[in-house]
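So you can see what is in the structure, the chains are spelled out below.
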Amino acid sequence: MKIAIGNDHAGTEYKLAIVGLLKSKNFEISNYGTDGTDSVDYPDFVHPVAQDVESGKVALGIIICGSGNGANMTANKYQKVRSALCWTKEITELAREHNDANILSLPARYISLPQALEMVNTFLNTEFAGGRHERRIEKIPCK
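For every chain, the first residue of the written sequence is number 1, and numbering continues from 1 along that sequence. Only residues with pLDDT of 70 or above have their local features reported here, since the model is predicted, and side-chain atom pairs are shown and tallied only from 80 upward, although totals for entire chains, interfaces and linings are computed over all residues. Water and hydrogen atoms play no part in the side-chain values, which are based on all heavy atoms of the structure.

> Could you give me a rundown of the overall build of the chain, with the residues and numbers involved?
Every helix listed is a DSSP run of H or I at least four residues long, and every strand listed is a run of E at least two residues long, numbered separately from the N terminus. Helices and strands together make up the secondary structure of the chain, namely 6 helices and 5 strands. When the helices and strands of the chain are placed in sequence order, the string is β-α-β-α-β-α-β-α-β-α-α. Oriented by its inertia axes, the alpha-carbon framework of the chain measures out at about 45 × 30 × 25 Å. Residue pairs in contact within the chain that sit at least 24 positions apart in sequence constitute 68% of those at least 6 positions apart. Here, two residues are considered to be in contact whenever any of their heavy atoms come within 4.5 Å of each other.

This is the structure in structure tokens:
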């Protein structure tokens, strides 16, 4: 499976750990994030992730910034993206199961690294439930 990841300066440590986790599971990774801690603009690193998800170049995306909000707002500008800002394993599970989230947005300044890794594992291992949730997903894009 192919996954795209993007982060700003607040998410560098988390991105590096997540990339290590993904590589250990043999995922193919498109890394659009910064590897530094100098201040950068999150949209520059989120747009390529969202474009890859929308085009089908990758199956899923992970984006990381300080609060997760800016990255999430940026990603959700794309019609075929359903980015979910998550801060617990349970919310991550519901985002995949009920909302068929295809991008996970992580708030690096508000969750621990072990929590982030647990959430990534949950995101990767939870399937969309379909059923009644399918019709709701179909109503999300603006016509």
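> How would you summarise the environment of Glu134 if you had to cite specific residues and measurements?
As for its placement among the helices and strands, Glu134 is situated in helix 6 (residues 132–138). Type-normalised accessible area, obtained with a 1.4 Å probe on protein chains alone, sets the label of each residue: buried when under 20%, exposed when over 50%, and partly exposed for intermediate values. According to the relative accessible area criterion, Glu134 is partly exposed, its value standing at 34%. Considering only alpha carbons, one finds Glu134 and Arg109, 25 residues apart in sequence, at a separation of 33 Å.

> Please provide a residue-by-residue account of the sheet that holds strand 3 (residues 60–65), values included.
Paired strands are those between which DSSP finds at least two bridges. Ordered in space as 2-1-3-5-4, the 5 strands form an open sheet in which the pairing is parallel. In this open sheet, the two strands that pair with only one neighbour each are strand 2 (28–31) and strand 4 (83–85). Strand-to-strand twist across the sheet, computed as the mean angle between neighbouring axes with direction ignored, equals 20°. Inspection of the sheet shows strand 1 (residues 2–7) paired to strand 3 by 5 bridges, in the parallel sense. Bridge pairing links Gly6 to Ile63 in strand 3. Orientation is described by lines fitted to C-alpha atoms, with helices fitted over the stretch in contact, and by angles between N-to-C directions that extend from 0 to 180 degrees. The sheet strands contacting helix 1 (residues 12–24) are strand 1, strand 2, strand 3 and strand 5 (103–107), and the helix crosses strand 1 at an angle near 170°.

> Can you tell me about unusual backbone geometry, naming the residues and giving the values?
Here the phi dihedral of Asn26 falls at roughly 65°; this positive angle occurs in a residue that is not glycine. The phi angle at Asp100 is positive, at roughly 50°, despite the residue not being glycine. Topologically, Asp100 is positioned in the loop between helix 4 (89–99) and strand 5.

> Which residues make up helix 4, and what values do they have?
For helix 4, the complete set of buried residues consists of Thr92, Ala95 and Arg96. In a view along the axis of helix 4, the buried residues occupy a sector of 85°, so they form one face of it. The inward-facing, buried residues of helix 4 abut strand 3, strand 4, strand 5 and helix 5 (113–125). Of the residues flanking the end of helix 4, it is Asp100, one or two places downstream, whose phi is positive at about 50°. Taken from the helix axis, the directions to the C-beta atoms give the arc we talk about.

> An account of helix 5 is needed here, citing residue identities and associated values.
Here the expected span of a helix is defined as 1.5 Å times the quantity of residues minus one. For helix 5, built from 13 residues, the straight-helix expectation of 18 Å at 1.5 Å per residue is met to within 8% by its first-to-last C-alpha distance of 18 Å. Against the buried residues of helix 5 lie strand 1, helix 1, strand 3, helix 4 and strand 5.

> How would you explain the pattern of salt bridges if you had to name every residue and give the values?
The term salt bridge refers to a pairing of a side-chain nitrogen on Lys or Arg with a carboxyl oxygen on Asp or Glu at a separation within 4 Å. In total, this model carries 4 salt bridges according to the counting rule given. Its salt-bridge partner being Asp100, residue Arg82 comes within 3.2 Å of it at the nearest N-O pair. One end of the pair, Arg82, is in the loop between helix 3 (69–75) and strand 4; the other, Asp100, is in the loop between helix 4 and strand 5, and 18 residues separate them in sequence. Each member of the pair, Arg82 as well as Asp100, carries the same accessibility label: buried.

> Any chance you could break down the packing of helix 4 against helix 5 for me, citing the residues and the numbers?
Running from N to C, helix 4 and helix 5 point in directions that differ by 20°, and their axes come no closer than 9 Å. It follows that helix 4 is roughly parallel to helix 5 by the angle criterion. Classified by chirality, the crossing of helix 5 by helix 4 is right-handed. Taken together, the residues of helix 5 that come into contact with helix 4 (itself represented by Lys89, Thr92, Glu93 and Arg96) are Glu118, Met119, Thr122 and Phe123. Lys, Arg, Asp and Glu make up the charged group, whereas Ala, Val, Leu, Ile, Met, Phe, Trp, Tyr, Cys and Pro make up the nonpolar group; the residues left over, Gly among them, are polar. Here the contact of helix 4 with helix 5 is built from residues that sort into 2 nonpolar, 2 polar and 4 charged. Any angle between 65 and 115 degrees counts as roughly perpendicular, while under 35 counts as roughly parallel, over 145 as roughly antiparallel, and the rest as oblique. In this scheme, a crossing is called left-handed if the near helix is turned counterclockwise away from the far one by less than a right angle; it is called right-handed if the turn is clockwise.

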